[in-house]
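Each chain, letter by letter, is given below.
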Number of protein chains: 2
Amino acid sequence: MGKMDREVEKISISQFTEEGRRNLEDVFAREFPLTIILNDRELATLLCSPKDLGYLAVGFLYSEGLLESKDGIKKISVDDKRGVVRLETIEDKGFTRDILFKRVVISSASGKGASLYNAADAASQKIESRMKISADEVSALVERFQHRSQLYLATGCVHSAALCDTKNTLVFTEDIGRHSAIDKIFGKCLLENIPTDERVMITSGRISSEILRKVARKRIPIIISIAVPTNLGVRIADKLGITLISSVRGKRMNICANGWRVTTGGG
Amino acid sequence: MGKMDREVEKISISQFTEEGRRNLEDVFAREFPLTIILNDRELATLLCSPKDLGYLAVGFLYSEGLLESKDGIKKISVDDKRGVVRLETIEDKGFTRDILFKRVVISSASGKGASLYNAADAASQKIESRMKISADEVSALVERFQHRSQLYLATGCVHSAALCDTKNTLVFTEDIGRHSAIDKIFGKCLLENIPTDERVMITSGRISSEILRKVARKRIPIIISIAVPTNLGVRIADKLGITLISSVRGKRMNICANGWRVTTGGG
């Protein structure tokens, strides 16, 4: 455990097995409220894993369209204990509740009407990157990815995400939410000027239309999931020129969209 | 497939295996935008599985605190094709964007400040039901639950939920979202006057604090998950008098809170 102490809590439970009932201590993923204060106004409280809080706040702002780059940040302070991140931005986009309302609804397994929902797709530009990856490289990246999440191994209750090139993991994050794990990646990339446009995103979670849109906004040409996409996830990936690889198990994988970026063999 | 036609879409993909690349048709869970219009105002658009749309709309309103009972509904019309549910209520709770803003933020893996977040817990009354269930009954209910989801078996991409007594499944629902699967149960219970207060809820998803709160609002004394809870899920169940059973695999299960309702053996 050790370095995970903040992210987990031990709680006494009873376990029933064929052999009877016994009491034991089990390890649970901690769900922690993080309040984001933007230019002195409370923006939102996210329930998250208490790690990389600054990255999460910055990535959340980016994904919600309230921040474009590191240059936009005047000041950031992270209070790990109280669970508060304060951000001051150069340009106050002056979020109104009305603007935020729409965004939050969209980002919460919800959207603002079917018509507007489709318009959001159309607004995104097609990704033209000529980047390629071999099936063997995908297998190798995923294998390392799956062995890396100590928190998942301990609790069975978190998602992870990784930004990679075709050979190496560049950023790795974990969170109880699949959206927040990806936002943490974006926050780190923004704060540390890590480019994402010729990179691969790996996620442990299902790929819904919202996850696809998030990745499209960062111009990432290849997304890989251990799990499966929804039909809209595939349709949007296809339309936006994003390569979508799912259900990776060893050498086995499904290429659901833009398979031309995936080469056979050792590439 | 047949009766699931609306809930899935077949899309051509490439599959890589040790034997090489082949093209095939795979089945994906459909992600469908459902717009809820409450008293002529557009409330939200949920991305959901296109089934039980009326139940979902009613359950969503209930979970968001905008509807208390069937008697509160003046009129409901479901347009399955366009994905619109129109609801008229007797008492227009006159949701303002501001009120809704808070609710939506809370319901989207987010909350409205740590202090307010805790206050929400304190507001819920402890569940006093003396209902009991035996470990064997839990195993039997879960086994049936796991064999029931045709949509999961076809797509690997949906959650399911069930309302049961100690022996029988009373309501069973599926959705791409774990929150929406539960809201569909609540919607059906509300519309068909099915009581929930001496019942068991089974979910395929992780039990976060938000899921726990949802179930507490419906006064359900026992919640069972195939997956695991977060630490807050356990803490809140403990405080509200809810029995939380997780990680059920055959005869094996973890009793994380209020284990006094679970008896050993055949009960």
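The coordinates are above.
Keep in mind the model is a prediction, meaning the values are calculated, not measured.

Draft legend 1. Focus on the overall build of chain A. Scanning chain A from N- to C-terminus turns up eight helices and 15 strands. A buried classification covers 60% of the 267 residues belonging to chain A. In chain A, 52% of the contacts between residues at least 6 apart in sequence involve partners at least 24 apart. When the accessible surface of chain A is summed, it comes to about 10900 Å², and 47% of that surface belongs to carbon and sulfur atoms.

Draft legend 2. Layout of the packing of aromatic side chains. For the structure shown, the criterion picks out four aromatic pairs over all chains. Judged by centre distance (5.8 Å) and plane angle (70 degrees), the ring pair of Phe145 of chain A and Phe172 of chain A falls under edge-to-face. One end of the pair, Phe145 of chain A, is in helix α4 (residues 135-148); the other, Phe172 of chain A, is in strand β10 (residues 169-175), and 27 residues separate them in sequence. Classification of Phe172 of chain A by relative accessible area gives buried; the value is 17%. The ring of Tyr62 of chain A has Lys218 of chain A sitting right over it, with the charged end atom 4.7 Å from the ring centre. Positioned above the aromatic ring of Phe32 of chain B, the side-chain terminus of Arg6 of chain B is 5.4 Å from the ring centre.

Draft legend 3. Here's a closer look at helix α8 (residues 231-240) of chain B. Here α8 of chain B lies mainly inside the structure; seven of its 10 residues are buried. Here α8 of chain B has its buried residues at Asn231, Leu232, Gly233, Val234, Ile236, Ala237 and Leu240 of chain B.

Draft legend 4. Just the packing of helix α7 (residues 209-217) of chain A against helix α8 (residues 231-240) of chain A, in detail. Residues and elements named next belong to chain A. Remark: α7 packs on α8, axes separated minimally by 8 Å, with the N-to-C direction vectors making an angle of 25 degrees. Taken together, the axis directions place α7 and α8 in an arrangement best described as roughly parallel. Helix-helix and strand crossings are classified by hand; for α7 and α8 the assignment is right-handed. Contacts between α7 and α8 involve Ser209, Leu212, Arg213 and Ala216 from the former and Leu232, Gly233, Ile236, Ala237 and Leu240 from the latter. Grouping the amino acids of the contact of α7 with α8 by side-chain chemistry returns six nonpolar, two polar and one charged.

Draft legend 5. The arrangement of the pattern of salt bridges in detail. Residue and element names in this part refer to chain A. Inspection of every chain in the model, using the stated rule, returns 16 salt bridges over all chains. Two residues, Asp40 and Arg86, come together in a salt bridge whose shortest N-O distance is 3.9 Å. A residue pair is termed long-range when its members are at least 10 positions apart, and Asp40 in the loop between β3 (32-38) and β4 (41-48) and Arg86 in strand β6 (residues 84-89) qualify at 46 residues. Residue classification places Arg86 among the partly exposed residues on the basis of a relative accessible area of 41%. Here Lys184 ties to Asp175 by a salt bridge, and the two come within 2.8 Å at their closest N and O atoms. For the pair shown, Lys184 and Asp175 are each scored as buried.

Draft legend 6. Molecular detail of the pairing of β3 of chain A. Residue and element names in this part refer to chain A. Burial analysis of β3 places seven of its seven residues in the buried class, which makes it a mostly covered element. Residue alternation in β3 divides its side chains into two sets, Phe32, Leu34, Ile36 and Leu38 and Pro33, Thr35 and Ile37, and both sets are buried. Of the strand pairs in this sheet, β3 and β4 are connected by seven bridges, and their pairing is antiparallel. The residue bridging Pro33 from the neighbouring strand is Leu47, located in β4. In textbook terms, the turn of a hairpin is the stretch between consecutive antiparallel strands, and for β3 and β4 this stretch comprises two residues, one of which, Asn39, has a positive phi near 45 degrees. Pairing between β3 and β6: four bridges, direction parallel. Within the sheet, the bridge partner assigned to Ile37 lies in β6 and is Arg86.

Draft legend 7. Here's a closer look at the side chain of Asn231 of chain B. Note on placement: Asn231 of chain B falls in helix α8. On the accessibility criterion, Asn231 of chain B (4% relative accessible area) is buried. When sequence neighbours within four positions are dropped, the list of residues in contact with Asn231 of chain B reads Glu9, Ile11, Phe28, Ala29, Arg30 and Glu31 of chain A.

Draft legend 8. Main features of unusual backbone geometry. Phi is positive for Asn258 of chain A, close to 50 degrees, though the residue is something other than glycine. Position of Asn258 of chain A relative to the elements: it lies in the loop between β14 (252-257) and β15 (262-263). What makes Asn258 of chain A buried here is its relative accessible area of 14%. Although it is not a glycine, Asn39 of chain B sits at a positive phi angle of roughly 45 degrees. You can see Asn39 of chain B is positioned in the loop between β3 (32-38) and β4 (41-48). With relative accessibility at 16%, the residue Asn39 of chain B sits in the buried group.

Draft legend 9. Molecular detail of the sheet that holds strand β2 (residues 20-29) of chain A. Strand order in the open sheet formed by eight strands is β2(A)-β1(A)-β14(B)-β13(B)-β12(B)-β11(B)-β9(B)-β10(B), and the pairing between neighbours is mixed. Each edge of the open sheet carries a strand with a single partner, namely β2 of chain A together with β10 (169-175) of chain B. Going from strand to strand, the sheet's axes swing by 25 degrees on average, the running direction of each strand aside. Bridge count for strand β12 (residues 222-225) of chain B against strand β13 (residues 243-249) of chain B is three bridges, and the pairing is parallel. The partner of Ile222 of chain B across the bridge, within β13 of chain B, is Thr243 of chain B. Across the sheet, α8 of chain B is in contact with β1 (8-17) and β2 of chain A together with β13 and β14 (252-257) of chain B; its angle to β1 of chain A comes to roughly 70 degrees.

Draft legend 10. Summary view of the environment of Arg86 of chain A. Separated by 131 residues in the primary sequence, Arg86 of chain A and Arg217 of chain A have C-alpha atoms spaced 24 Å apart. Those residues within four positions of Arg86 of chain A in sequence are excluded, and the remaining contacts are Ile37, Asp40, Lys75, Ile76 and Ser77 of chain A.

Draft legend 11. Focus on the environment of Ser180 of chain B. Inspection of the secondary structure assignment puts Ser180 of chain B in helix α6 (residues 178-191). Excluding anything up to four places from it in sequence, Ser180 of chain B contacts Leu56 and Asp175 of chain B.

Draft legend 12. Region of interest: the pairing of strand β13 (residues 243-249) of chain A. Residues and elements named next belong to chain A. When you tally the buried positions in β13, you get six out of seven residues, the bulk of the element. Of the crossover connections in this fold, the one passing from strand β12 (residues 222-225) over α8 to the parallel β13 is right-handed. Note that β13 and β14 share four bridges and pair antiparallel. Considered in β14, the bridge of Ser246 is made with Asn254. The loop that links β13 with its antiparallel partner β14 comprises two residues; one of these, Gly250, has a positive phi angle of about 60 degrees.

The rules we used
Residues numbered from 1 in each chain as written. Chains lettered and ligands numbered in written order. Predicted model: local features only at pLDDT ≥ 70, side-chain atom pairs only at ≥ 80, totals over all residues. Heavy atoms only, no water. Helix = DSSP H or I, 4+ residues; strand = E, 2+ residues; numbered from the N terminus. Buried < 20%, exposed > 50% of the residue type's maximum accessible area, 1.4 Å probe, protein only. Contact = heavy atoms within 4.5 Å. Areas by Shrake-Rupley, 256 points an atom, 1.4 Å probe, with all protein chains shown as cover. Phe/Tyr/Trp six-rings, centres within 6.5 Å; stacked < 30°, edge-to-face > 60°. Lys NZ or Arg CZ within 6 Å of the ring centre and 35° of its normal. Axes fitted to C-alpha atoms, helices over the stretch in contact; angles between N-to-C directions. Parallel < 35°, antiparallel > 145°, perpendicular 65-115°, else oblique. Left-handed = near helix turned anticlockwise from the far one by under 90°. Nonpolar A, V, L, I, M, F, W, Y, C, P; charged D, E, K, R; others polar. Salt bridge = Lys/Arg side-chain N within 4 Å of Asp/Glu carboxyl O. Pairing = 2+ DSSP bridges. Right-handed = clockwise from strand over helix to strand, strands pointing away.

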